[in-house]
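Okay, here's what each chain looks like letter by letter:
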Amino acid sequence: MLDNKTISELYQAFAASPNGFLIVDSGSPSFAVLPYKAYKALRQSQANSSKKINKILVTGGAGYIGSHTVRLLREQNYEVVVLDNLSTGRGEAVGDAKFIEGDFSDRDLLDRVFLEERFDAVMHFAASIKVDESVANPAKYYESNVVGGINLVNAMVKAGVVRLVFSSSAAVYGEPQISPIGEESVCHPTNPYGETKLCFENILKWYSGAYGLSSVSLRYFNAAGALPEAGLGYNRSLDHTHLIPRVLDAALGKTSEIEVFGNDYDTSDGTCIRDYVHVLDLAAAHILALTKLETDSGTHIYNVGTGRGYSVLEIIDEVMEVTGRMIPMKIGARRAGDPGRLVANSQKIQRELGWKPEYDLKSIIQSSWDWQKQ
Ligand code: UFG
């Protein structure tokens, strides 16, 4: 510990030389005294110089999960280029990352981008993601999630970029036989959305053997939450289909009530159970996936969920608790294709990558509420 006199002398020296100074002892420099920001930047650049992966292309980086991950990557001084067509994303959500507006499936654009920039890895978030739309219009889902994805990995292979983190989904499992669901569980998707995610996971497996493309597929459970203080969250101007934003709309009086889709499931209160995972925990899983790709090649698959399930009624109760508002609700019919219970066994990612969920349901709902009220 420094005494008060030394600290006040250091402050005076900083006033004269705000970028830092050397303390010279017997004619040779003994210590460098730096502003904390400069010290932190120095430490980070030392850490970066030992990183194999530094420059990342992020497709869909202006979207919900993508933008939170971009922020974390930038905080850790990764160089980031976002490719997003802004169909659902928000330009302002990419922060200080370089931004290219365009479609990830555009082959000419991809060739140009991979020629101009030298990437160490790609994170692929961009996708069509609505389950009910995928049932009504499967062509759109095969086109973007499979054909578009193939264009992306072909461009990567051509450019010699061989590391990919892929946004997969718990939708690949369909109606699970066993709960919580482990990665080894049978995959029987019940809709084209899940089917196209599974199809792309399989493409990655074959591309690994044939072209040396290494990948980590992260099977997200129910992504939720926001980071309102950084201006990040789900796109509020889109029509919500997800439960938490819809319940919050009812709390705000934007809608007259929340409809509960079925209360005759084989669960404790009859409503569907889901595993809600904070978007910041998902973002953290992506950084760990990158570090996995620094040391391991091949194809890797991880569930990303907390292992704790909540029913629709429990979510509504928690929203009432956090917001202090009454939420009118009605019980409606089941929604087609909804499994009764989707809860992750996430032991594998915890064991192999050291991931651990940091945020509980209350912080998920509080951050969503703060975001939605803004
Ligand atoms: N729900 C309602 N009322 C609503 C909206 C939803 O009761 O107005 C219920 C649904 O029936 C479901 C639960 O709330 O039981 C959660 O529904 P969401 O639409 O929020 O999320 P899903 O579980 O249907 O799907 C999400 C993603 C999928 C992913 C899945 C993985 O959208 O991509 O989580 O767990 F595959």
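Structure first, text after, so check above.
Residues numbered from 1 in each chain as written. Predicted model: local features only at pLDDT ≥ 70, side-chain atom pairs only at ≥ 80, totals over all residues. Heavy atoms only, no water.

Novice: Looking at this model, I keep getting lost on a nonpolar patch on the surface. Mind explaining?
Specialist: A surface patch of nonpolar side chains, about 410 Å² in accessible area, is lined by L34, Y36, Y39 and L42. Within the fold, L42 resides in helix 2 (residues 36-49). By relative accessible area, which is 45% here, L42 ends up partly exposed. (Patch = residues over 30% accessible without salt bridge, like charges linked within 9 Å, V, L, I, M, F, W, Y side chains within 5 Å. Areas by Shrake-Rupley, 256 points an atom, 1.4 Å probe, with all protein chains shown as cover. Salt bridge = Lys/Arg side-chain N within 4 Å of Asp/Glu carboxyl O. Helix = DSSP H or I, 4+ residues; strand = E, 2+ residues; numbered from the N terminus. Buried < 20%, exposed > 50% of the residue type's maximum accessible area, 1.4 Å probe, protein only.)

Novice: Help me understand the pattern of salt bridges in this model?
Specialist: Opposite charge on two side chains permits pairing when their charged atoms draw close. Taken as a whole, this structure holds 17 salt bridges when the rule is applied. Note that R334 is salt-bridged to D264, the shortest N-O span being 3.0 Å. Within this pair, whereas R334 is found in the loop between strand 15 (329-332) and strand 16 (341-342), its partner D264 is found in the loop between strand 10 (258-261) and strand 11 (273-274), the two being separated by 70 residues in sequence. R334 sits in the partly exposed class, given a relative accessible area of 46%. Here D296 and K292 are joined by a salt bridge, their closest N and O atoms 2.7 Å apart. By relative accessible area, which is 12% here, K292 ends up buried. Where salt bridges share partners, they join K55, E79, K98 and E117 into one cluster.

Novice: Would you mind showing me how to read the site of the ligand here?
Specialist: Lining the immediate surroundings of the ligand are 21 residues, of which S169, N222, R274, R335 and D338 lie closest. In this structure, an oxygen atom belonging to the ligand sits 2.9 Å away from a main-chain N or O atom of F261. The side chain of R274 places a nitrogen or oxygen atom 2.6 Å from an oxygen atom of the ligand. Contributions of two or more residues to the shell around the ligand are made by helix 8 (243-252) and strand 10. Among the elements that line the shell around the ligand, the one with the most residues is strand 10, at four residues. A class-by-class count of the residues in the shell around the ligand yields 12 nonpolar, four polar and five charged. (Near = heavy atom within 4 Å. Polar contact = N/O pair within 3.5 Å; in protein donor to acceptor, adjacent residues only side chain to side chain. Nonpolar A, V, L, I, M, F, W, Y, C, P; charged D, E, K, R; others polar.)

Novice: Explanation requested: the environment of G89 in the structure shown.
Specialist: Within the fold, G89 resides in the loop between strand 4 (79-84) and strand 5 (98-101). Along the sequence, G89 and Y64 sit 25 residues apart, while their C-alpha atoms lie 7.0 Å from each other. Once residues within four sequence positions are removed from consideration, G89 is found in contact with A62, G63, D84 and N235. (Contact = heavy atoms within 4.5 Å.)

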